[in-house]
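Understanding the architecture of this molecule
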Amino acid sequence: MAINIKNYEKGIEEVRNGDIEIKILFESKDDLLSSSSKIVILDSSFNPPTVAHGGLALRAMRKLYTNSDCSIVFMLAVQNADKAFGPAALCHRVAMMELLGKSLRYTVDDVETTPEFALIVTKHARFVDKASAICEKFGPQLEQVYVVGYDTLIRLLDPKYYQTTVAEALSKFMATSKVICFARPGDNWGSVREQLKLVNDIKSGSLEPEVPSKWAARIFIYTVDDEVNELNGISSTTVRNAVKTKKWDIVKDQVPANVMEYIKSEHLYLE
């Protein structure tokens, strides 16, 4: 089935210019999110989507749930007008997100499986607001799991980003959502061991009252295994630079084949 780019353009404009907080633009089967009990959400700019985006979403899902329990959601914030038309228009990003979802595969008991997935656009920038909008649309029984980097997790728990206490600001978010992070060593965030220690610090109560100890059951930090480690060095920036210089051998290792063909056919990232 061909991608309906006009529908994507219309849906994006409804969110950007109207009162709609979130909108489903694609579901791999009818009423997917209405019938799901758990969703793993990867929120990004998808400019373009890479195999790292898909790999992290799949790994998060398989860490916490079985495929029958959970659907994947790729989410794009569309309210930032400064980024709306460059380097790729939002409608093209959503089209590539659809192709990314259709490329996902994993194996269970030697049987290749395709996960169910949906595409959502939102006008919200903060996780708290995104989760609230999803909760309002689908109900509090839908468990949301956000896949984040360690730097994002630290910002999420940082008091300087809130006018109230962290505990108060995130109380509703933590009631309906979980957060999963894959630890990676870095100059800014210390060793993997130091990153893994965060959950233990929360559990022990040493971060209270800002971060309640009960949140340790809602925050998951995993070490990077071989499957995730293979995603190192993959980034949307690398892809854009490689396309601009027509280094397609680099592009083909960083995006799914159907996304690469879309980039070529739509002449994206050439300027």
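See above for the structure.
Quick look at the structure, then. Nothing here was measured: the structure is a model prediction, and the numbers come from that model.

Quick word on the packing of helix H1 (residues 5-17) against helix H4 (residues 90-103)
In a packed pair of helices, the relevant descriptors are the angle between the two axes and the axis-to-axis distance. The contact between H1 and H4 brings their axes to 9 Å, and the two run at 120 degrees. When the axes of H1 and H4 are compared, the pair comes out oblique. In this structure, H1 meets H4 at a crossing whose hand is right-handed. Across the interface between the two elements, Ile5, Tyr8, Glu9, Ile12 and Arg16 of H1 pack against Leu90, Cys91, His92, Val94, Ala95 and Glu98 of H4. Of the residues that constitute the contact of H1 with H4, the class distribution is seven nonpolar, one polar and three charged.

Comments concerning the state of the cysteines
Evaluation of the coordinates by the stated rule reveals zero disulfides. Looking at Cys70, it has no disulfide partner, and the nearest cysteine sulfur is the one in Cys135, 17 Å off.

Remarks on the packing of aromatic side chains
Across all of its chains, the model carries six aromatic pairs by this definition. Taking 5.6 Å as the distance between ring centres and 40 degrees as the angle between the ring planes, the aromatic pair formed by Tyr146 and Phe173 counts as tilted. With Tyr146 in strand E7 (residues 143-148) and Phe173 in helix H8 (residues 171-176), this pair connects stretches of sequence that are 27 residues apart. For Tyr146, a relative accessible area of 0% corresponds to the buried category.

Considering the sheet that holds strand E8 (residues 177-183)
Reading across from one edge, E1-E6-E3-E2-E7-E8-E9 is the order of the seven strands in this open sheet, with mixed pairing throughout. Two strands bound the open sheet, and with one partner strand each, they are strand E1 (22-27) and strand E9 (219-223). On average, each strand axis in the sheet is inclined to that of its neighbour by 25 degrees, with strand direction left out of account. Strand direction decides the pairing type here: strand E3 (residues 70-77) and strand E6 (residues 117-122), joined by six bridges, are parallel. When the bridges of E6 are listed, Ala77 appears paired with Thr122. Sitting on the sheet, H1 touches E1 and E6, and the angle it makes with E1 is about 165 degrees.

Concerning unusual backbone geometry
Note that the residue after Asn47, namely Pro48, is joined by a cis bond; omega there is 5 degrees. Relative to the helices and strands, Pro48 resides in the loop between strand E2 (38-43) and helix H3 (51-64). The omega angle of the peptide bond from Glu208 to Pro209 is 5 degrees, so this bond is cis rather than trans. Structurally, Pro209 is set in the loop between helix H9 (192-204) and E9. Phi at Asp31 takes a positive value of approximately 55 degrees, unusual for a residue other than glycine.

Some thoughts on the nonpolar core
Of all hydrophobic cores here, the largest spans 52 residues; its most connected members are Phe74 and Val94. When residues of this core are assigned to their parent elements, the largest contribution, eight residues, is made by H4. In this structure, Ala131, Val166, Leu198 and Val199 belong to the second largest nonpolar core, which totals 38 residues.

The rules behind these values
- Residues numbered from 1 in each chain as written.
- Predicted model: local features only at pLDDT ≥ 70, side-chain atom pairs only at ≥ 80, totals over all residues.
- Heavy atoms only, no water.
- Axes fitted to C-alpha atoms, helices over the stretch in contact; angles between N-to-C directions.
- Helix = DSSP H or I, 4+ residues; strand = E, 2+ residues; numbered from the N terminus.
- Parallel < 35°, antiparallel > 145°, perpendicular 65-115°, else oblique.
- Left-handed = near helix turned anticlockwise from the far one by under 90°.
- Contact = heavy atoms within 4.5 Å.
- Nonpolar A, V, L, I, M, F, W, Y, C, P; charged D, E, K, R; others polar.
- Disulfide = S-S within 2.5 Å.
- Phe/Tyr/Trp six-rings, centres within 6.5 Å; stacked < 30°, edge-to-face > 60°.
- Buried < 20%, exposed > 50% of the residue type's maximum accessible area, 1.4 Å probe, protein only.
- Pairing = 2+ DSSP bridges.
- Core = buried A, V, L, I, M, F, W, Y, C linked by side-chain atoms within 4.5 Å.

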